[in-house]
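Understanding the architecture of this molecule
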Amino acid sequence: MALLGELTPIVGTYLLLASFLTLTAHIAARNFLGSVPFTRALAIGPAIAILPFVLQRYFGALIVAIAVALDLSLFHIVYRIKWRTAGFVTAIHILVSFLGSIVIGGIVYLVSLGPPAPPS
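The structure reproduced in this document is the subject of the present report. Here the structure is a predicted model, which means the values were calculated and not measured.

Describing the overall build of the protein
Across its full length, the protein holds six helices and zero strands. Counted from the first residue to the last, the protein has its helices and strands arranged as α-α-α-α-α-α. Its C-alpha atoms give the protein a radius of gyration of 17 Å, more than 25% over the compact-globule value 14 Å for 120 residues. Expressed as lengths along the three principal axes of its C-alpha atoms, the size of the protein is roughly 60 × 40 × 30 Å. Partitioning the contacts of the protein with sequence separation of at least 6, the portion at a separation of at least 24 is 59%. Accessible surface for the protein amounts to roughly 8,200 Å². Of this, 74% is attributable to carbon and sulfur atoms.

Encoded structure:
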């Protein structure tokens, strides 16, 4: 039963990251390619989300480089687009993910502060 206690936060973190990356991949694809099915983005988010867990012993910049290369390749394969177009979509995906994480991080920080103290 101890394994379940250690495994649950890891699985939860992976599922949240995969969901976030799937959503941002779909936003990036819709922004550049127009109307695309959401199911294609489901192949991109989980594959990229597994990288930090599998490669956690390696240098962070190496993980980011592998993630960008995997993102580029997945956009090329899943959406059946040229490499150059996939590069643009990947750049948009990185930007949307970065900005989304800043917004979510700010919201989490504000919620963690709690309500303001009543005036005395």
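After presenting the structure, the write-up continues.
Thoughts on unusual backbone geometry
Here Arg80, not a glycine, exhibits a phi torsion of approximately 55°, which is positive. In this structure, Arg80 sits in the loop between α5 (60-78) and α6 (83-113).

Digging into a nonpolar patch on the surface
Together, Leu7, Ile10, Val11 and Leu15 make up an exposed nonpolar region whose accessible area comes to about 330 Å². As for its placement among the helices and strands, Leu15 is situated in helix α1 (residues 2-33).

Here we look at the packing of α5 against α6
At a minimum axis distance of 8 Å, the contact between α5 and α6 shows a crossing angle of 125°. In terms of orientation, α5 lies oblique with respect to α6. As for the relative orientation of α5 and α6, their crossing is right-handed in sense. Contacts from Val68, Asp71, Leu72, Ser73, Phe75 and His76 of α5 reach α6 at Trp83, Ala86, Gly87, Val89, Thr90, His93 and Ile94. Of the residues assigned to the contact of α5 with α6, the class counts are seven nonpolar, five polar and one charged.

Thoughts on the nonpolar core
With 23 residues, the main nonpolar core has Ile44, Ile48, Phe75 and Tyr79 as its most contacted residues. Looking at this core, the elements that each hand over two or more residues are α1, α3 (45-49), α5 and α6. Ranked by residue count, the leading element in this core is α1, at six residues. If we skip the residues at most four places from it in the chain, Phe75 touches Ala25, Ala29, Ile44, Arg80, Ile81, Ala86, Val89, Thr90 and His93.

Reading guide: rules and limits
- Residues numbered from 1 in each chain as written.
- Predicted model: local features only at pLDDT ≥ 70, side-chain atom pairs only at ≥ 80, totals over all residues.
- Heavy atoms only, no water.
- Helix = DSSP H or I, 4+ residues; strand = E, 2+ residues; numbered from the N terminus.
- Rg over C-alpha atoms; globule rule 2.2 N^0.38 Å.
- Contact = heavy atoms within 4.5 Å.
- Areas by Shrake-Rupley, 256 points an atom, 1.4 Å probe, with all protein chains shown as cover.
- Patch = residues over 30% accessible without salt bridge, like charges linked within 9 Å, V, L, I, M, F, W, Y side chains within 5 Å.
- Salt bridge = Lys/Arg side-chain N within 4 Å of Asp/Glu carboxyl O.
- Axes fitted to C-alpha atoms, helices over the stretch in contact; angles between N-to-C directions.
- Parallel < 35°, antiparallel > 145°, perpendicular 65-115°, else oblique.
- Left-handed = near helix turned anticlockwise from the far one by under 90°.
- Nonpolar A, V, L, I, M, F, W, Y, C, P; charged D, E, K, R; others polar.
- Core = buried A, V, L, I, M, F, W, Y, C linked by side-chain atoms within 4.5 Å.
- Buried < 20%, exposed > 50% of the residue type's maximum accessible area, 1.4 Å probe, protein only.

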